[in-house]
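Letter by letter, the chains look like this.
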Amino acid sequence: MDTSPKDSGNARAPRTARTTRTTPTTEIAGPGESAKDAQTERSSTPGPRAALTAWGGAVVYALVVGLLIGGVPNAAGPLLGAVLLLAVTPLVPLLRRRPLAVLALTLLGGLIVAGAGRDAGPGRFLVFLASDLVLGLIVATRPRRDAVIALVAVSVVELPAVGLLSHGYDLTSTALIAFLSLGAVCMTGLRFRERREHTAELRTRQVSEAVTAERLRIARELHDMVAHSVGVIAIQAGVGSRVIDTQPAEARAALRAIEATSRETLSGLRRTLVALRRAQPDGPGSQAPLGPAPGLADLEGLVATTADAGVLVDVRWEGPRGQLPPELDLSAYRIVQEALTNVVRHAGTGHCRVTIGYGEKELTVEVVDDGRGTPDAMGGTGFGLTGMRERVSLLHGRFSAGPRAGGGFRVAAALPLPVTATAPDGLR
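No experiment lies behind these values; they were computed from the predicted model shown. All residue numbers refer to positions counted from 1 along the written sequence of the respective chain. Local features are withheld for residues below a pLDDT of 70 in this predicted model, meaning they are given only at 70 or higher, and side-chain atom pairs are given and counted only at 80 or more; totals for whole chains, interfaces and linings count all residues. Only hydrogens and water are removed before side-chain values are computed, so all heavy atoms of the structure are retained for them.

J.: How do you make sense of a nonpolar patch on the surface when you look at a structure like this?
T.: Patch definition: residues with relative accessible area over 30% and no salt bridge; like charges joined within 9 Å; nonpolar side chains (Val, Leu, Ile, Met, Phe, Trp, Tyr) joined within 5 Å. Each accessible area value is a Shrake-Rupley result obtained with a 1.4 Å probe; residue values ignore everything except the protein chains displayed when judging cover. Salt bridge, as used here, is a side-chain nitrogen of Lys or Arg placed within 4 Å of a carboxyl oxygen of Asp or Glu. Together, Leu85, Leu126, Leu129, Leu133 and Leu137 make up an exposed nonpolar region whose accessible area comes to about 370 Å². In DSSP terms, a helix is any run of H or I states spanning at least four residues, a strand is any run of E spanning at least two, and both are numbered starting from the N terminus. Sorting elements by how many residues they give to the nonpolar patch places helix α8 (residues 129-141) first, with 3 residues. Note that leucine 137 resides in helix α8. The rule is simple: take the accessible area with a 1.4 Å probe, protein chains only, and divide by the maximum for that residue type; under 20% is buried, over 50% is exposed, in between is partly exposed. Look at leucine 137 and you get partly exposed, because its relative accessible area is 36%.

Written out as structure tokens, the structure reads:
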């Protein structure tokens, strides 16, 4: 009778998996994410209006160049350079899409204004400030290939123009200033590029570390949840197999304990898997009942399950019991659960003691048994002690585990309490 439901469940599982794979991504992600993806796609694809706005800025820039040539031919070089620098503003939409085209426009405009202007002093070359600014932006934000092309174009156009348009004054000093200006712009752009790449690398590393930490947290949860239940089921199955012929009542009790423990474990696994499968808080899977995480208030059920496995647990509470933060409450419960699992599986004793102490600054958890007490018996290659130590370390607490001098094994943890958890009731 047990085989039929299990087989039917296994038969349904592949169909569910196939349905999930063939379902479009928009349906899995939910309406909110679909709208967000569509909006991102629309914004990343330039439409006719955006293209018209971008090239309209180029027309405005060309008009400004024409006005400078025909309207104020006698203007000083610094004034012409300042006007051309401000005229780059309408080119910003086009700069985002076609940076090399904007560079060509600014180079051409600066060359025309410098050649048509009547200011014969070195200030006439300030009209190339706009192209230098665009060059720096390309070096800082665009791929290296575009940056190299931009640098070669500016060098080929700007440096010879400085040499050809220098009349009667020091050509060497003017060319040196132009060369150093290009070098300063390129170095500034490279500096910004390095900062952007470093920031992206740090962000990627943080995401990787967060994913690793989450994987470790899930591994600890699954280990603590499954190891205790499987250990109890193994003990009960062994008891039932030995007394099934001589003591049928005891065998039935063992089977009932196995059923209850397995159902509890399946419920916990289902809650964990539902939480992992949720794509977003407002998605379709957000309505699934998750249930509260276990805490020290659930020790009674844990003690009863351990007693069914043949180990009596004496629970002692010290100090006034107060409200604990969820992560601290869960960690304390998991530490007791894993310690009791080790007692059931490795200690070879029928009794242990659990002491929970509420202090002013920390919560102490101690699990002591009078069993074999050898570290090798606790599973040298297991993850139980490692998981407990990681939990305590994440909460900046203290952890110790080892054999006792008089026999047995002791697990102790001290978890610091936040200030709000230790405040008097009148101050909360």
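J.: For this particular structure, what's the right way to read the pattern of salt bridges?
T.: Pairs can form between side chains of opposite charge whenever their charged atoms are close. Evaluated as defined, the whole model comprises 8 salt bridges. As a salt-bridge pair, arginine 145 and aspartate 146 come within 4.0 Å of each other at their nearest N and O atoms. Arginine 145 gets classed as exposed once you look at its relative accessible area, which sits at 63%. Note on aspartate 146: relative accessible area 13%, which makes it buried. One salt bridge connects arginine 205 with glutamate 201, and the closest N-O pair in it is separated by 3.2 Å. Of this pair, arginine 205 and glutamate 201 both sit in helix α10 (residues 171-243), 4 residues apart, which is roughly one turn of that helix. Relative accessible area serves as the criterion here: at 44%, arginine 205 is assigned to the partly exposed category. With relative accessibility at 45%, the residue glutamate 201 sits in the partly exposed group. Bridged by salt links that share partners, the residues Arg142, Arg145 and Asp146 form one connected network.

J.: Help me understand the environment of phenylalanine 192, please; the structure alone is not making it clear to me.
T.: Relative to the elements of secondary structure, phenylalanine 192 occurs in helix α10. The sequence separation of phenylalanine 192 and glycine 136 amounts to 56 residues, and the corresponding C-alpha distance is 9.3 Å.

J.: Just checking my understanding: could you explain the sheet that holds strand β1 (residues 312-318) for this structure?
T.: Working definition: the strands of a sheet are paired by backbone hydrogen bonds and lie parallel or antiparallel to each other. The mixed open sheet is built from 5 strands, whose spatial order is β1-β2-β3-β5-β4. Strands at the two margins of the open sheet, each flanked by one partner only, are β1 and β4 (398-403). Direction aside, neighbouring strands of the sheet carry axes that sit 10° apart on average. Contacting β1 and β2 (351-358), helix α12 (residues 299-308) runs over the sheet at an angle of about 155° to β1. Contacts between helix α13 (residues 326-347) and the sheet are confined to β1, β2, β3 (362-369) and β5 (409-416), with β3 contributing the most and set at about 10° to the helix. Following DSSP output, two strands are said to pair if at least two bridges run between them. Geometry is summarised by axes, namely lines fitted to C-alpha atoms with helices restricted to the contacting stretch, and by angles between N-to-C directions that run from 0 to 180 degrees. Contact criterion: two residues are considered in contact whenever any of their non-hydrogen atoms come within 4.5 Å of each other.

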